[in-house]
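Structure at a glance
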Amino acid sequence: MNCRSEALEVSVEGRQVDEAMLALLHTILLHRSTGKFHYKKEGTYSIGTVGTQDIDCDFIDFSFVRVSSDELDRVIRKAVGEFKDAMGNGTDGMGQISLEFYQKKKSRWPFSDECIPWEVWSIKVNVVNLANEQERQICREKVGEKLGEKVINIVEVINRHEYLPKMPTQSEVDNVFDTSLKDVQPYLYKITFQITDTLGTSVSTTMRRLIKDTLAL
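Read on for an overview of the structure. Bear in mind that the values here come from a model prediction, so they are computed numbers and not experimental data.

The residue tyrosine 39 is located in strand β3 (residues 37-41) in this model. The exposure class of tyrosine 39 is buried, given its relative accessible area of 19%. Measuring from C-alpha to C-alpha, the distance between tyrosine 39 and glutamine 170 comes to 6.8 Å, with 131 residues separating the pair along the chain. The contacts of tyrosine 39, once residues within four sequence positions are left out, are Thr44, Tyr45, Pro168, Thr169, Gln170 and Val173. Only 3.2 Å separates the side chain of tyrosine 39 from the backbone oxygen of proline 168, close enough to count as a polar contact.

Between helix α1 (residues 17-30) and helix α2 (residues 70-87), whose axes approach to 10 Å, the crossing angle comes to 140°. One finds that α1 runs oblique with respect to α2. As α1 runs across α2, the sense of the crossing is right-handed. Across from Val17, Asp18, Met21, Leu22, Leu25, His26 and Leu29 in α1, the residues of α2 making contact are Leu72, Asp73, Ile76, Arg77, Val80, Phe83 and Lys84. A per-class count over the contact of α1 with α2 returns nine nonpolar, one polar and four charged.

Its location among the elements puts asparagine 175 in the loop between α3 (133-158) and β9 (185-186). Look past the residues within four positions of asparagine 175 in its chain and what remains in contact with it is Gln103, Lys104, Lys106 and Leu188.

Along the polypeptide, serine 11 turns up in strand β1 (residues 4-13). For the pair serine 11 and valine 128, spaced 117 residues apart in sequence, the C-alpha separation works out to 7.1 Å. A distance of 3.4 Å separates polar atoms of two side chains, one belonging to serine 11 and the other to asparagine 126.

The rules we used
Residues numbered from 1 in each chain as written. Predicted model: local features only at pLDDT ≥ 70, side-chain atom pairs only at ≥ 80, totals over all residues. Heavy atoms only, no water. Helix = DSSP H or I, 4+ residues; strand = E, 2+ residues; numbered from the N terminus. Buried < 20%, exposed > 50% of the residue type's maximum accessible area, 1.4 Å probe, protein only. Contact = heavy atoms within 4.5 Å. Polar contact = N/O pair within 3.5 Å; in protein donor to acceptor, adjacent residues only side chain to side chain. Axes fitted to C-alpha atoms, helices over the stretch in contact; angles between N-to-C directions. Parallel < 35°, antiparallel > 145°, perpendicular 65-115°, else oblique. Left-handed = near helix turned anticlockwise from the far one by under 90°. Nonpolar A, V, L, I, M, F, W, Y, C, P; charged D, E, K, R; others polar.

Structure (structure tokens):
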């Protein structure tokens, strides 16, 4: 099986990291989740509904739609919080958070199950330091515009007719879906991240040039 890899990149100021990551991760998971499976007998099942919720950002001019599941939201917020904490409170910095979808392949005892990734989303995050409130206001608008473009990109990628794990039988559902949540059933996934201490000069300069060009209008 070939694993699909998709890469996104955003430049934000420190206080926008949480909301930008939540917006992108929740958008992906919205399209990679189903309602809970209700099996009647082996091979016959119904799928529950998936509620949605509009979320307004506080530090970005942007709203996004997420699955209406407080349990899933807590899991995503915890991962994003750990990512932001790892980046620290420095001025400029860079990190990457990855959302990997996988399925399990049962192995014979005494070996553990094999986890086979089938789709990975990598989001590169550049954090820039801004000089004043005027620059922050412009950044608030520009980041909102960029997130809108990223969300459209995500939806376009997901709407392609590419590989998805086949719907499992009742005995194999835990090999494909995370069944631990009571109100929604995402494909099995894991979130990882890595941090780079210094931000590339070109990225920092590009963001500041964008802000200065806007100020000059």
